[in-house]
Number of protein chains: 2
Amino acid sequence: MQDVKILEVRQSVFADNNADADRLREQLKREKTFLLNLMSSPGAGKTSTLLALADRLSAKLRMAVMEADIDSAVDAEAMLAHGVDSIQIHTGGMCHLDADMTRQGLNSLGSADYDLVILENVGNLVCPAEFDTGACKNMTILSVPEGHDKPLKYPLMYRTCHLLVINKIDVLPYFDFDVDKVVEYAKMRNPDIDILFISAKTGEGIDALADWILESVAQWNA
Amino acid sequence: MQDVKILEVRQSVFADNNADADRLREQLKREKTFLLNLMSSPGAGKTSTLLALADRLSAKLRMAVMEADIDSAVDAEAMLAHGVDSIQIHTGGMCHLDADMTRQGLNSLGSADYDLVILENVGNLVCPAEFDTGACKNMTILSVPEGHDKPLKYPLMYRTCHLLVINKIDVLPYFDFDVDKVVEYAKMRNPDIDILFISAKTGEGIDALADWILESVAQWNA
């Protein structure tokens, strides 16, 4: 087979968002609020996973969700209809949230009133991974139909996340998705990443995911 | 139901890429090369659709593929293994290609030697839609597992595309995907958008998609 010709094209970027994100984390520490940043491709199941989690988590702590989107409010509407405190953040076309945008959301929400705030970031595997939102932990969802090669193509997403959740395992029989390979590729990007398998649709694995989040909240306040 | 609280957070952006994209299109017109910009979420099936199309298109014209990715060369490798001229463009972390990055790819490829060049853009529904690559037409793939609400959430992608291809229709029975709704939402964003239904896996609808592309190439050179 012929060698692939690789052309590197580059463009420089941004400044001191990292320091701002650290300041936001200090504020969250003082407030005893745990902020979880949830990222994924469009349609991987961020909102349906949060809906599946909501009852289990709400029984144990005070939680709220910040839904970030380019347009529409369908996700925040879904959370509110399910009884979860939620606000919709419109990014004005922006493909990600940085720490200051996240802070605006937290202030608007009144984050000190909550033990857990989950930020549902814009559906995008590239840009959200580049900007520290100030979250205490990062989590990404990869759904079975997307394929097991995603950690090869979007390395930074997997490097920056503490937890990888593989969603839609109920449709594994209908897709060429290699479970061993996705674990191998994800660990190649980040040996410390935790990996859980769920179906937000059937509820499989949701208890374990709720436990992971509750334990993370406990560690934050320890 | 409680009204959703909407918080607008914004940040300004870029400059004169549009003029540069027009210059690139003039060059392509002179070269009699048709450039198709293919966009989608990660894992919607861009590469597998191109592989399914390759034999039908290669029989009719000289074609090449430019694969853009953050990292890895798996897509260009797949195209080359299938006998399609292809280069891999690494964006150095960038979430999209602009006209000048596209031009670098075309120059490296030698675009004047081809009737059709397909640019497989970075898997991302947000940023690629914001930057005119200089392509003659834009096409987006939405796969059934992503859900029918995507045109509500990513309006610009649907506004900038001439063709929407719904992929993975072979798994329609296993997902809550409303075909009528996706057509309604896409037409709401862009009344002129063409819509085709395919399965890159089974080959269903690929002939119609090949015809759409061949007709677009013919119009470009008319």
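Quick note: structure is the one above.
Below: a short report on this structure. (Residues numbered from 1 in each chain as written. Chains lettered and ligands numbered in written order. Predicted model: local features only at pLDDT ≥ 70, side-chain atom pairs only at ≥ 80, totals over all residues. Heavy atoms only, no water.)

1. Overview of the overall build of chain A
Here comes step 1: A tally of helices and strands in chain A yields nine helices and eight strands.
Here comes step 2: Here the C-alpha radius of gyration of chain A, 17 Å, is about what a compact globule of 222 residues would show, namely 17 Å.
Here comes step 3: Out of the 222 residues in chain A, the part that is buried amounts to 61%.
Here comes step 4: Across chain A, contacts joining residues at least 24 apart in sequence account for 74% of those joining residues at least 6 apart.
Here comes step 5: As displayed, chain A offers around 8,500 Å² of accessible surface, 48% of which is attributable to carbon and sulfur atoms.
Here comes step 6: Measuring between centres, the 21 positive side-chain charges of chain A sit 4 Å from its 34 negative side-chain charges. (Helix = DSSP H or I, 4+ residues; strand = E, 2+ residues; numbered from the N terminus. Rg over C-alpha atoms; globule rule 2.2 N^0.38 Å. Buried < 20%, exposed > 50% of the residue type's maximum accessible area, 1.4 Å probe, protein only. Contact = heavy atoms within 4.5 Å. Areas by Shrake-Rupley, 256 points an atom, 1.4 Å probe, with all protein chains shown as cover. Lys, Arg positive; Asp, Glu negative; His and termini not counted. Charge placed at Lys NZ, Arg CZ, Asp CG, Glu CD.)

2. A closer look at the interface of chain A and chain B
Here comes step 1: Taken residue by residue, the interface counts 61 residues in chain A and 60 residues in chain B.
Here comes step 2: Together, the buried faces of chain A and chain B total about 5,200 Å²; carbon and sulfur atoms form 61% of this surface.
Here comes step 3: For the pair chain A and chain B, the number of links is two salt bridges.
Here comes step 4: A salt bridge links Asp75(A) to Lys153(B), with the nearest nitrogen and oxygen atoms 2.9 Å apart.
Here comes step 5: Joining chain A to chain B, the criterion identifies nine residue pairs in polar contact (both at pLDDT 80 or more).
Here comes step 6: Elements supplying a minimum of two residues to the side of chain A that touches chain B: strand E1 (5-8), helix H3 (74-81), strand E4 (85-90), helix H4 (99-109), helix H5 (127-130) and helix H6 (150-153) of chain A.
Here comes step 7: Broken down by element, the residue count for the side of chain A that touches chain B peaks at six residues, all from H3(A).
Here comes step 8: Here the residues of the side of chain A that touches chain B sort into 29 nonpolar, 15 polar and 17 charged. (Buried area = accessible area lost by both parts, 1.4 Å probe. Salt bridge = Lys/Arg side-chain N within 4 Å of Asp/Glu carboxyl O. Polar contact = N/O pair within 3.5 Å; in protein donor to acceptor, adjacent residues only side chain to side chain. Nonpolar A, V, L, I, M, F, W, Y, C, P; charged D, E, K, R; others polar.)

Everything listed here is a matter of coordinates, which is why it stays silent on function.
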